[in-house]
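Per-entry structural report
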Amino acid sequence: MEPLRTDEVATSLVSRSAQLSVPSVRAALTAVSRPRTLWTAPDEPTVVGGGAAVTVEADGPDRLSRVRERATELLDGADVDAPAVARPRFFGGLAFHEAATGRDPWGDFPAARFVVPEVQLVFDDEVWVTVTDAGADADAVETRLDEVRADLEALSVADPTGPPGVVGRTRTTSLDAWRESVDAAVSRIRAGDLRKVVLAQALDVELGRPASIPDLLARLGRTYPECHRFLVEPAMGASFLGATPERLVSLRGRDIETGALAGTTGRGDTDDEDEWLANELLASEKDNHEHELVAETIREQLDPLSAAVRVGERGIRKLATVQHLWTPIDATLERDEHVLSLVGALHPTPAVGGLPPADALDVIRETEPFDRGWYAAPVGWFDADGDGSFAVAIRSAVVDDSLATLFAGVGLVADSDPDAEWDEVQLKYRPILDELEREA
């Protein structure tokens, strides 16, 4: 099946689905063809996608509205025979900035791209496979569905491989350059030009052998089961993946779930040390100020769209290597909205950009010696009803054969210390780096 692109006219999308038995998410991800998709999130079915029945791309300040318009045309006219959980969806994401630069390692990642997978597997209480084609008749799609189902049920998957090992590391930012950049940003904050800005680093890693993407994601799932795991790929080239603790927004009907995640410390070697670190974080004036900026801004961004916004109690979110300040936020929309409208309203949150947003983005562009690409940007899915779920693509990496580029950032406020922020960046590399390094 040839994928349909955004600049072509679709006659119709045709989708058919069936239940099947497949050994595991890893097995499914190993079996499907590129571009592959993985989406797994708390309280959601896990989805694996392979191939692209249709691709929608856009750039510029109106990229989300253009994606929404084109995708709505395609989904509204689709011929779909599938239960609600297995219906076709668009999966993808966008670049942090409005325009894609094409700089390494992001050459194959445009400003926004979403695909309807040709083959979509949904792991819920049951496993469903959905096959979608653009322009084919229903009989051809049902025949293809039978073939895919038979291939997947006969699947034999090799044992998982271990971590590929790390044999070299190259920083894009030296410690001296980092100190200079942080001092300059803090000076602007103290002068009143900014309230907060998030600066990031990139780490290029040479691997001992090519990384297995399905195995890497499986290891991340075991270590970070409470995170959003994602995989986004072009048809060829690098893979973008991660295990992010930060939900941007989910929408079901008129019900919104989001939250503020900002303020970080490490995990303790003992229960007592871990609790002490958590209490220190809860008491930290600097971290609470940074966190409050994020929570306040999210509430303000949702308020014009909502009949009610509810902010929960601030607490600690514990992950394998770090713990964060976390405030749950939910809302009820005043009227029906598409999830992409909410993505546009919320991105970039102050947790990955800064305040004021435009000034913070200028500082990020001027300061960071690398292209953020899709790092810290929205990734996720949406369906024909306009419902969907998006995460913020942090704790992430671009992996291309035996090379990986890892990304991590920190929020700067008036009393940020360059060396402490440097240490926090190294801590945030660990989720991906630990799963790449060879076991002892």
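Look above for the structure.
Throughout what follows, the structure given in this document is the object of discussion.

Across its full length, the protein carries 10 helices and 24 strands. For 440 residues, the compact-globule estimate of 2.2 N^0.38 gives 22 Å, and the protein sits close to it at 21 Å. If you line up the protein on its principal axes, its C-alpha atoms span 65 × 55 × 40 Å. Per-residue burial over the protein gives 57% buried out of 440 residues. Of all intrachain contacts in the protein linking residues separated by at least 6 positions in sequence, the fraction that spans at least 24 positions is 77%. Per element, the accessible surface of the protein, about 17,700 Å² overall, is 45% carbon and sulfur. Computed over 43 positive and 80 negative side-chain charges, the inter-centroid distance for the protein is 1 Å.

Two side chains of opposite charge can pair, provided their charged atoms sit close to one another. All chains considered together, the criterion is met by 33 salt bridges. Between R70 and E73 there is a salt bridge, with its nearest N and O atoms 2.9 Å apart. Linking R70 with E73, this pair stays in helix α2 (residues 63-76), spanning three residues, or about one helical turn. Close ionic contact of R179 with D419 constitutes a salt bridge, the shortest N to O distance being 2.8 Å. Of this pair, R179 sits in helix α4 (residues 175-190) while D419 sits in helix α10 (residues 418-436), and the two are 240 residues apart along the sequence. For R179, a relative accessible area of 32% gives the class partly exposed. We classify D419 as partly exposed; its relative accessible area is 34%. Several salt bridges share partner residues, and in doing so they unite K196, K286, D287, E290 and E421 into one network.

Our next topic: the packing of α4 against α10. At a closest axis distance of 9 Å, the pairing of α4 and α10 adopts a crossing angle of 120 degrees. When the axis of α4 is compared with that of α10, the two are oblique. The chirality of how α4 crosses α10 is right-handed. Together, L175, W178, R179, V182 and D183 of α4 and P418, D419, E421, W422 and V425 of α10 make up the contact between the two elements.

Across the 12 residues that make up strand β19 (residues 322-333), a large majority, nine, are buried. Here strand β16 (residues 255-266) runs beside β19; their pairing, made up of 10 bridges, is antiparallel. Residue pairing across strands places I256 opposite A331, the latter belonging to β19. Bridging between strand β17 (residues 306-311) and β19 involves five bridges; their strand directions are antiparallel. Among the inter-strand pairings, V309 is bridged to a residue of β19, identified as A331. Note that strand β18 (residues 315-318) and β19 share four bridges and pair antiparallel. Note that in β19 the partner of I316 across the bridge is L325.

This next bit is on the packing of helix α5 (residues 213-223) against α10. At their nearest, the axes of α5 and α10 sit 10 Å apart, and the two run at 125 degrees to each other. Considering the angle they form, α5 stands oblique to α10. In the crossing of α5 with α10, the sense of the turn from one axis to the other is right-handed. Contacts from L216, R219, L220 and T223 of α5 reach α10 at P431, I432, E435 and L436.

Moving on to the nonpolar core. Formed by 126 residues in total, the largest nonpolar core has its most connected members in F90, L121, V197, F240, L241, F382 and L406. Those residues in contact with F240 that lie beyond four places of it in its chain are W106, F109, F230, L231, V232, W374, Y375, V379, A393, S396, A397 and V398.

Turning to helix α9 (residues 357-367), its buried residues are A360, L361, V363 and I364. Down the axis of α9, the sector holding all buried residues measures 160 degrees, keeping them to one side. Residues of α9 that are exposed and point more than 90 degrees away from the buried face comprise A358 and E366.

All right, on to unusual backbone geometry then. Excluding glycine, residues mostly carry a negative phi; peptide bonds, for their part, are mostly trans. With an omega dihedral of 0 degrees, the bond running from R34 to P35 counts as a cis peptide bond. In this structure, P105 follows D104 across a cis peptide bond, with omega equal to 0 degrees. Note that P105 resides in the loop between β7 (90-94) and β8 (112-116). Even without being glycine, D43 reaches a positive phi, approximately 65 degrees. Along the chain, the position of D43 falls in the loop between β3 (37-40) and β4 (46-50).

Rules behind the numbers
Residues numbered from 1 in each chain as written. Predicted model: local features only at pLDDT ≥ 70, side-chain atom pairs only at ≥ 80, totals over all residues. Heavy atoms only, no water. Helix = DSSP H or I, 4+ residues; strand = E, 2+ residues; numbered from the N terminus. Rg over C-alpha atoms; globule rule 2.2 N^0.38 Å. Buried < 20%, exposed > 50% of the residue type's maximum accessible area, 1.4 Å probe, protein only. Contact = heavy atoms within 4.5 Å. Areas by Shrake-Rupley, 256 points an atom, 1.4 Å probe, with all protein chains shown as cover. Lys, Arg positive; Asp, Glu negative; His and termini not counted. Charge placed at Lys NZ, Arg CZ, Asp CG, Glu CD. Salt bridge = Lys/Arg side-chain N within 4 Å of Asp/Glu carboxyl O. Axes fitted to C-alpha atoms, helices over the stretch in contact; angles between N-to-C directions. Parallel < 35°, antiparallel > 145°, perpendicular 65-115°, else oblique. Left-handed = near helix turned anticlockwise from the far one by under 90°. Pairing = 2+ DSSP bridges. Core = buried A, V, L, I, M, F, W, Y, C linked by side-chain atoms within 4.5 Å. Arc of directions from axis to C-beta.

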